[in-house]
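Architecture and fold: a report
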Amino acid sequence: GNSEKIMPASFSSARWAWASRWFCLSAVVPHYCTAFPSALVAGAAAKALRDLVLHPLDTVKARRQATAAAGGGPSRALPLDDLYDGIGAALATGVPAGALYLWIGDELRSQGTGGALAGATASLVFWALRTPGEVIKVRQQVAFDNDERITARDAYTRVISDDGIVGLYRGFLPTLLRSLPFDSMRFTLLDAANAALVDTAFASYADAVAGFAASSAAAVITQPLDALKTLAQSGQAAPDGTTDWLRELSKREGSDDVLRILFAGVWERALMAGLSGAIYFGTFTPIKSWLDSGEVVLIHTGTP
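Residues numbered from 1 in each chain as written. Predicted model: local features only at pLDDT ≥ 70, side-chain atom pairs only at ≥ 80, totals over all residues. Heavy atoms only, no water.

Glancing now at the confidence of the model for the chain. On average, residues of the chain carry a pLDDT of 78, and 72% of them reach 70 or more. Of the regions scoring below 50 in pLDDT, residues 25–34 engages in 20 contacts with residues more than four places distant in sequence or in other chains. Confidence drops under pLDDT 50 across residues 295–304; counting only partners more than four residues distant or on other chains, this segment forms 33 contacts. (pLDDT = per-residue confidence, 0-100. Contact = heavy atoms within 4.5 Å.)

Rendered as structure tokens:
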């Protein structure tokens, strides 16, 4: 039959002009349109791509931080096998959380909210959803030190056995202490970098270039907080006793050793954050624009 555009029953004719901001899926239920905000769909796609590409680097960073805290020097060789350990947990919680993260950030900034507040709000929602999967992922990534691989189910069982259900939010406070300033800085720097690139040779790639620059800079600044987050979630530092743990370590090993631990993996994290920002924002905007164009917004064929 002829292709025709339809819209959800909740849309009034007065709001039809705004319907292009929604992605409509009618493949499952014929003649019915299930609508999703285009930014939500684009955010999910960008997050899935980001995790699939960068998970190996994330594993190296987590292992380097865990090794440093366990007393391994920077010259200690890290195993480079099984670099996709934890990818299932990362995708299961990360994709929906990432979709909301980019959608919220995009909506708030489009309404005139400053980058700092938009980034912090998006980050809070993201980590409220993502943290359980992050705990499972980190446990799988750092299990190499015991010469064993563990499944997501094994990691989940151990967390519940050790700490109960609250263990799935182990390291949540260090995560927020790291991520709220990181995402506030990232969105603020992103807007500034985008503005600076408008009339340059990089204008066509402004979102990717700005995303890389803003994310890598914010990552270096917040690196010590990221190290504390990883150590808490891997079980090497108690999240409610981080200050005492650092004080004891400083007395035993010296302040230089504390700095080595806190900045272990900084370059892997800076590179990963930069690439993450480039993929996140470099793919999110064109995918959202494509969906907003109306070419794939409504996909209903035939007549009722």
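On we go from here.
Residues Leu-49, Leu-52 and Val-53 make up a contiguous nonpolar surface patch of about 250 Å² in total accessible area. Within the fold, Val-53 resides in helix α1 (residues 38–69). By relative accessible area, which is 46% here, Val-53 ends up partly exposed. (Patch = residues over 30% accessible without salt bridge, like charges linked within 9 Å, V, L, I, M, F, W, Y side chains within 5 Å. Areas by Shrake-Rupley, 256 points an atom, 1.4 Å probe, with all protein chains shown as cover. Salt bridge = Lys/Arg side-chain N within 4 Å of Asp/Glu carboxyl O. Helix = DSSP H or I, 4+ residues; strand = E, 2+ residues; numbered from the N terminus. Buried < 20%, exposed > 50% of the residue type's maximum accessible area, 1.4 Å probe, protein only.)

Opposite charge on two side chains lets them pair, provided their charged atoms get close. Under the counting rule described, the total for this entry stands at 17 salt bridges. Asp-85 is the partner of Arg-63 in a salt bridge, and the nearest nitrogen-oxygen pair spans 3.9 Å. Linking Arg-63 in helix α1 with Asp-85 in the loop between α1 and α2 (87–110), this pair joins segments that are 22 residues apart in sequence. Accessibility classification places Arg-63 together with Asp-85 in one group, the buried group. Arg-64 is the partner of Glu-268 in a salt bridge, and the nearest nitrogen-oxygen pair spans 2.5 Å. With Glu-268 in helix α10 (residues 266–292) and Arg-64 in helix α1, this pair connects stretches of sequence that are 204 residues apart. By sharing partners, the salt bridges in this structure join Asp-58, Lys-61, Arg-130, Glu-134, Lys-137, Arg-178, Asp-226 and Arg-269 into a single network.

On to the packing of aromatic side chains, then. Aromatic rings considered in pairs are described by the distance between their centres and by the relative angle of their planes. The final tally for this structure, using the stated rule, is 7 aromatic pairs. Geometrically, the ring pair formed by Phe-187 and Phe-281 is edge-to-face, given 5.7 Å between the ring centres and 90° between the ring planes. In this pair, Phe-187 sits in helix α5 (residues 172–196) while Phe-281 sits in helix α10, placing the two residues 94 residues apart along the sequence. Judged by relative accessible area, which is 4%, Phe-281 ranks as buried. An aromatic cluster is present here, built from Tyr-101, Phe-126, Trp-127, Phe-187, Tyr-280 and Phe-281 joined pairwise through their rings. Taking NZ or CZ as reference, Arg-269 lies 5.4 Å from the ring centre of Phe-182, over its face. (Phe/Tyr/Trp six-rings, centres within 6.5 Å; stacked < 30°, edge-to-face > 60°. Lys NZ or Arg CZ within 6 Å of the ring centre and 35° of its normal.)

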